[in-house]
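Residue-level structural notes
Residue-level listing of the chains:
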Amino acid sequence: MPEATSPLQTIIRDRIRAEGRITFAAYMAACLYEPGLGYYTSPGRKVGAEGDFYTSSNVHAVFGRLVAREIRQMDEVLGSPENFDLVEVGAGNGRLARDILDYLAAEAPGLYRRLTCRLIEAEPTLRPVQEEMLGPHAAKTAWHSPTELESGSFTATGCLYSNELIDSFPVHLVEMTPAGLREVFVTLRDDAFAEEFGDPSTPELAAYLERAGISLIEGKRAEINLAAPRWLASVAQALRRGFVLTIDYGYPAVDLFSPARLAGTLLCYHRHRVEESPYLRPGEQDITSHVDFTSLMKAGEEEGLTTVWFGEQYRFLLGVGFMEEMARLEAAAVSEQERIQQRLSLKKLILPEGGMGDTFRVLVQAKGVENPRLLCMNDWGGRTG
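First things first, this report covers the structure right here in the doc.

Conventions and cut-offs
Residues numbered from 1 in each chain as written. Predicted model: local features only at pLDDT ≥ 70, side-chain atom pairs only at ≥ 80, totals over all residues. Heavy atoms only, no water. Phe/Tyr/Trp six-rings, centres within 6.5 Å; stacked < 30°, edge-to-face > 60°. Helix = DSSP H or I, 4+ residues; strand = E, 2+ residues; numbered from the N terminus. Buried < 20%, exposed > 50% of the residue type's maximum accessible area, 1.4 Å probe, protein only. Lys NZ or Arg CZ within 6 Å of the ring centre and 35° of its normal. Pairing = 2+ DSSP bridges. Salt bridge = Lys/Arg side-chain N within 4 Å of Asp/Glu carboxyl O.

Inspection of the entire model under this criterion finds ten aromatic pairs. Look at Phe24 and Tyr279: their rings are 6.2 Å apart centre to centre, the planes differ by 90 degrees, and that puts the pair in the edge-to-face class. In this pair, Phe24 sits in helix H2 (residues 24-33) while Tyr279 sits in the loop between strand S12 (273-275) and strand S13 (286-288), placing the two residues 255 residues apart along the sequence. Each member of the pair, Phe24 as well as Tyr279, carries the same accessibility label: buried. Pairing Phe169 with Trp231 gives two aromatic rings, centres 6.0 Å apart and planes at 70 degrees, and the pair type is edge-to-face. Within this pair, whereas Phe169 is found in the loop between strand S5 (156-163) and strand S6 (172-177), its partner Trp231 is found in helix H10 (residues 227-238), the two being separated by 62 residues in sequence. The class for Trp231 is buried, based on a relative accessible area of 9%. Through a chain of ring-to-ring contacts, three or more aromatic side chains come together here, namely Phe24, Tyr27, Phe193 and Tyr279. For the cation-ring pair, Arg261 lies above Tyr251, with the distance from its terminal atom to the ring centre recorded as 3.9 Å.

Shown next, in the form of structure tokens:
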């Protein structure tokens, strides 16, 4: 029997009783996005010391400064258009946007004058938080709904970026069995959430694996994010000319779906602890899976986006000027203790062991730009394609 019943648990149970078993994607969507009750659509801090996890932008403001360096370079590559749209999808508390704008206002005032920062956020209670965070840049900030992006009524020239967004999209769970590919469905057993196998709910699941050139071994479980390529298609349509910058944890398909990850990559986070069961505390813990960057690249190519650069976060940060920023911070430090603290914080952004350096990947795609030369393509850089 379940330990407790929350309003969200009741809604999901009633849905299963009325409609029968549901896909894991439908279950995850309810847990994260059910209006007013989902993890991302209910009030409360999700990120930082008081939340459930950290993002790179919460580790140190230098992360935003480094992203801003590349955005300034993108503006130059685009020929400094009269109006530059800086669009963040899933801005959270607005910390990253604030750090980027702070840098551009100080270091690239010409771009800052031509710029409009547009935030696209699904969670309505975050608007006041973002307004407060971006107060010094209020005249430069505008808000749009996800529907505007998805419907094609929103267009931009400049850079559309996201940081840890796609890992939160609902995913289908599949497993290769002796009888072939099966999908994991969520049902009720003794009034508790339970899993059962069934035929795939859509032929898109097998087609997704085929398109990525993936053959799962028997016993291998995997997450298939059908929402990610659809989202990227809407982004490509919204971008008139410019760049798409995606930062998230994940791998190319050949690594993501390899036998080494037999159980898949689905994880939950609650108060900075990793939880393996997505059926605990629905709506109160984050549920994520690693991003398939190969499918993002393929989806982008189909929609007119060219893959410009792809690599680990530490390579990206070193390429755009990490060492210069670290030297600047050390020179400004007023004590050795402050210097040490700065170094420890910055290490988290680039170190592979216990840090974010190779867990996170950065994908840069372009539209309407031929052979752009970006800072991340310096000697520290990753690879294209």
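This paragraph deals with the pairing of strand S2 (residues 84-89). With respect to burial, S2 is a largely interior element, six of its six residues being buried. Residues Phe84, Leu86 and Glu88 of S2 are buried on one face, and the alternating residues Asp85, Val87 and Val89, pointing to the opposite face, are buried as well. In this sheet, strand S3 (residues 115-120) lies alongside S2 in parallel orientation, the contact comprising six bridges. Looking at S3, one finds that Asp85 is bridged to Thr116.

Moving on to the pattern of salt bridges. The final tally for this structure, using the stated rule, is 19 salt bridges. With its nearest N and O atoms 3.3 Å apart, the salt bridge here joins Glu324 to Arg69. With Glu324 in helix H14 (residues 322-332) and Arg69 in helix H4 (residues 62-77), this residue pair connects regions lying 255 residues apart in the sequence. Residue Glu325 pairs with Arg69 through a salt bridge whose shortest N-O separation is 3.3 Å. Of this pair, Glu325 sits in helix H14 while Arg69 sits in helix H4, and the two are 256 residues apart along the sequence. The exposure classification of Glu325 matches that of Arg69, with both residues buried.

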